[in-house]
Amino acid sequence: ISPSLIGDKVLFCFVFICQGYFINADELQLSHAMVFAIEEINNNTELLPGIRLGYQIYDSCASVSMTVHLAFQFLNSLDLVFHTGKNCSQSGMVMAVVGESGSTPSISIFFRTIPSDQFQAAALAKLIKHFDWTWIGAVRSDSDYGNNGIASFLEKVADAVVVVAFASSGDMKILFEELSREPFPPRQWIGSESWVTNPGLRKYSFLAGTIGFGIQKSVIPGFRNFLLNLSFAQVAVSPLLTEFWEDSFNCTIKESNSAGKKVCNGTEDIKTLQTPYTDTSQLRISNMVYKAVYAIAHAIHNALCQGRNVTKVNFSRNGYDVSFDTNGDPVAIYELVNWQKTMAGITDIVTVGLYDASLPEGQEFQINKNIIWMEGSTKVPVSVCSGSCPPGTRKVLQKGKPICCYDCTACPEGEISNTTGKVKCLSVHVKCFYDANLDTCIPKPIEFLSFQDILGIILATFSVLGACLTIITTAIFLRHRTSPIVRANNSELSFLLLISLTLCFLCSITFIGAPSEWSCMLRHTAFGITFVLCISCVLGKTIVVLMAFKARLPGSNVMKWFGPPQQRMTVMSFTFIQVLICTIWLVLSPPFPIKNLTAYKEKIILECALGSAVGFWAVLGYIGLLAAFCFVLAVLARKLPDNFNEAKLITFSMLIFCAVWITFIPAYVSSPGKFTVVVEIFAILASSFGLIMCIFAPKCFIILFKPEKNTKKHVLSKN
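Predicted model, so just to flag it, every value in this text is computed and none were measured.

1. Considering empty space enclosed by the protein
Per the counting criterion, the structure on display carries 3 cavities of 30 Å³ or more. Reported here for the largest cavity is a volume of approximately 40 Å³. Taken together, Phe448, Leu449, Phe511, Gly513, Pro515, Arg523, Leu606, Glu607, Lys674 and Val677 make up the lining of the largest cavity. Classifying every residue of the lining of the largest cavity by side-chain character gives 6 nonpolar, 1 polar and 3 charged.

So, in structure tokens, the structure goes:
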């Protein structure tokens, strides 16, 4: 369109195609909505200044062929006569077409003021998902529009995992009346099609119970007065209006065609009519026509007055924004309407919410009123083939049935489902255990031998008592270090043995408490080294006893080969070997803390892993080797003829020591969890108490309670 053509006499044509074999009050109101919008625009000094719009109204007679015929007339640029709202007419080209209210004839029109059916198909699918319906039926009209609509709808609900039990064609009015047994809503809500679109077209919806979508209600200021200002003079010159007037007032304009009817004389009052033509309470479709005319006017204004693309239409009218995307679709905004029965028993259409496709995903629906379902219930009806599987169960599809038909089976052992409708149970995390309902993963408590446990307190108490007893014994020996009984039993090795026993008692405390990297390494190495030191001292004392009796033989000088320096060297050598074993163990594969998740189902055991089992058993094996060697020597020396033969005491102590550690091995291997640590501590304490009680208790008894026997004569006398 060239801007040079702009002028007072340039006219543009709107052709509104209304349908019907007889005059229809709904269609008449829609055509007058177009006329009203055109007159507003012609009187507007800002929109299309200097340009007047005209219009021509055609009746397609509800015929697709007639609509196509008219469309070809427009495309071939045949001259038409335009009505401008004044007493003039002029030939010109058709610049725009406002389509009819039937869907199938208007399917090829791209730009529209009613949102695309794809939007409504998506909205309906989301509505079904919103109410958790998975088992539905769909009804469509047997037409192009119904077929396309049902195809889009089925595609959308398939993505929402909804099973359509049936999708048939039929008369929705008959179906609804059969289902609800209620008076059917007005035609502007339900018709013969599933849904339709295009400027001024009626909007129909699939129904979900008694709820559906509708175009937003609108208010067109001044439109009602425009409709009611229809004069008898206008009617007399318009065949279309003449038919409406005659049908509405049951009279005839021409007296010759009266056929018994009264003659219309102009006294009829249109304000008294109760017809769809005068009903402006819910201007939904009429507003679509109104906005369509304004959209075309703004497109022409953009092209002629501003030089912009005609497709870039964006304006506001009566509080509503109008714009189109690249596909020619407006923003999809629908009212969610509910058919509710009033106190008077009349079915009324109530807006209960809004659907706005421009909002973020999941926020499109805004339901702000209670929805009344069948029989006055406010509870959302359930529409499923199978109910949701409760927590603790999973879905198992029924053979030969749709995916929404399933059985609920309990989760197998070791698995849970903590929400409803699970298809697959979840494996229980190793740090959790499941409850009896198989729906909750309860964190397992962490267990270790702590100082707060009864066992921990008892063992720690005995460890401290043993250490205290050893210190007291040491003090007694220091106090009586010059006495014969102390000197006769190698006091240097005795004091070293007492020190090592004190360390043995105290090292058992390192086994109590939460394992850490350092405590795991310390507890095993400290135990191994102190016990070897202890057994080395006992072994040294046993060798001294044997050497002492051999030294009494004539010509023997054995003692000079095993004097105090050799005794100290023996103890240090045996102990160094254990230190070397522990060092290699710590360097190559040291003990470390772990969480034992398999010992118990309901708890986690915090313990020390050995790191290298070879290292651990090498430490124990070396202690056992020294103890066995010491035990053999003590047995050989037990019958030597001294009144106080320490070898007898050593024999008993080694017998206890070996018995404890021989029974320790199976008990240690078979004890679960923290009881492994308990067995280890018990073995340390039992063997330590055996040594101090067998070797030192008799001597302390003589020193404290039998001082008369603490003489050189008594110690050296034979039995």
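2. Observations regarding the nonpolar core
In terms of nonpolar packing, the biggest core is built from 70 residues, with Phe527, Met654, Phe657 and Trp661 touching the most fellow members. Elements that contribute at least two residues to this core include exactly α10 (454-479), α11 (484-487), α12 (491-507), α13 (517-551), α14 (564-588), α15 (613-637), α16 (646-670) and α17 (675-705). Residues in contact with Phe657, not counting those within four places in the same chain, are Phe531, Ile535, Ile623, Ala627, Ser687 and Leu691. Within the second largest apolar cluster, 50 residues are counted, among which are Ala96, Val98, Ile220 and Cys251.

3. Some words on the environment of Phe226
Secondary-structure assignment places Phe226 in helix α6 (residues 223-228). Distance from Phe226 to His32, taken between C-alpha atoms, is 8.5 Å for residues 194 residues apart in sequence. Discounting residues that sit within four places of it in the chain, Phe226 has contacts with His32, Val35, Phe36 and Glu39.

4. Observations regarding unusual backbone geometry
With a phi close to 55°, Leu48 is a non-glycine residue in the positive phi region. Looking at the secondary structure, you find Leu48 in the loop between α1 (25-42) and β2 (52-59). Phi is positive for Asn250, which is not a glycine, with a value near 55°.

5. Some remarks on a nonpolar patch on the surface
On the surface, a cluster of nonpolar side chains totalling about 680 Å² of accessible area is made up of Phe576, Ile577, Val579, Leu580, Ile584, Val587 and Leu588. Note that Val587 resides in helix α14. A residue is classified by how much of its surface remains accessible, and Val587, at 63% relative accessible area, is exposed.

6. Quick look at the confidence of the model for the protein
Confidence along the protein averages 76 in pLDDT terms, with 76% of residues attaining 70 or more. The low-confidence segment residues 80-89, where pLDDT is below 50, has 27 contacts with residues more than four positions distant or belonging to other chains.

7. Quick look at the packing of aromatic side chains
By the definition in use, this model includes 27 aromatic pairs. Pairing Phe36 with Phe223 gives two aromatic rings, centres 5.6 Å apart and planes at 55°, and the pair type is tilted. In this pair, Phe36 is assigned in helix α1 and Phe223 in helix α6, connecting sequence segments 187 residues apart. Phe223 matches Phe36 in its accessibility class, with the two residues each being buried. When the centroid spacing of 6.3 Å and the interplanar angle of 90° are considered together, the rings of Trp617 and Tyr668 count as edge-to-face. In this pair, Trp617 sits in helix α15 while Tyr668 sits in helix α16, placing the two residues 51 residues apart along the sequence. With relative accessibility at 12%, the residue Tyr668 sits in the buried group. Three or more aromatic residues joined by ring pairs make a cluster, and in this case those are Phe527, Phe531, Trp585, Phe616, Trp617, Phe657, Trp661, Phe664 and Tyr668. The ring of Phe696 carries the charged tip of Lys699 above its face, separated from the ring centre by 5.6 Å.

8. Things to note about the state of the cysteines
Applying the stated criterion across every chain, the model contains 5 disulfides. With its sulfur 1.8 Å from that of its partner, Cys251 forms a disulfide with Cys264. Across the S-S bond of Cys251 and Cys264 the torsion is about 95°, and the bridge reads as right-handed. One end of the pair, Cys251, is in strand β9 (residues 251-252); the other, Cys264, is in the loop between β10 (262-263) and α9 (285-305), with 13 residues separating them in the sequence. Here Cys251 and Cys264 have matching classes, each one buried. Here Cys385 is linked by a disulfide to Cys405, with a sulfur-sulfur distance of 1.9 Å. Where Cys385 bonds to Cys405 through sulfur, the torsion about that S-S bond is close to 110°, and the disulfide is right-handed. Here Cys385 is found in the loop between β15 (365-367) and β16 (393-397), whereas its partner Cys405 is found in the loop between β16 and β17 (406-410), with 20 residues between them in sequence.

9. As for the sheet that holds strand β22 (residues 446-447)
Pairing within the open sheet is mixed, and its 3 strands lie in the order β22-β24-β23. A strand with exactly one partner marks an edge of an open sheet, and here the two such strands are β22 and β23 (592-596). As defined by bridge partners, β23 adjoins strand β24 (residues 604-609) across 5 bridges and the pair is classed as antiparallel. Paired with Phe592 across the bridge in β24 is Ala609.

10. Considerations on the pattern of salt bridges
A pair can form between side chains of opposite charge whenever their charged atoms are brought close. Counted according to the given criterion, the structure contains 6 salt bridges. The shortest N-O distance in the salt bridge between Glu361 and Lys126 comes to 3.7 Å. With Glu361 in the loop between β14 (347-356) and β15 and Lys126 in helix α3 (residues 117-130), this residue pair connects regions lying 235 residues apart in the sequence. Looking at Lys126, the relative accessible area reads 26%, which means it is partly exposed. Here Lys126 makes a salt bridge to Glu364, at a shortest N to O gap of 2.8 Å. Of this pair, Lys126 sits in helix α3 while Glu364 sits in the loop between β14 and β15, and the two are 238 residues apart along the sequence. Look at the salt bridges and you will find they share partners, linking Lys126, Glu361 and Glu364 into a network.

Parameters and conventions
- Residues numbered from 1 in each chain as written.
- Predicted model: local features only at pLDDT ≥ 70, side-chain atom pairs only at ≥ 80, totals over all residues.
- Heavy atoms only, no water.
- 1 Å grid on protein atoms, 1.4 Å probe; cavity = no way out; pocket = protein on both sides within 12 Å on 5 of 7 lines; lining within 4 Å.
- Points joined across faces, edges and corners; volume = space filled by probe spheres on them.
- Nonpolar A, V, L, I, M, F, W, Y, C, P; charged D, E, K, R; others polar.
- Core = buried A, V, L, I, M, F, W, Y, C linked by side-chain atoms within 4.5 Å.
- Buried < 20%, exposed > 50% of the residue type's maximum accessible area, 1.4 Å probe, protein only.
- Helix = DSSP H or I, 4+ residues; strand = E, 2+ residues; numbered from the N terminus.
- Contact = heavy atoms within 4.5 Å.
- Patch = residues over 30% accessible without salt bridge, like charges linked within 9 Å, V, L, I, M, F, W, Y side chains within 5 Å.
- Areas by Shrake-Rupley, 256 points an atom, 1.4 Å probe, with all protein chains shown as cover.
- Salt bridge = Lys/Arg side-chain N within 4 Å of Asp/Glu carboxyl O.
- pLDDT = per-residue confidence, 0-100.
- Phe/Tyr/Trp six-rings, centres within 6.5 Å; stacked < 30°, edge-to-face > 60°.
- Lys NZ or Arg CZ within 6 Å of the ring centre and 35° of its normal.
- Disulfide = S-S within 2.5 Å.
- Pairing = 2+ DSSP bridges.

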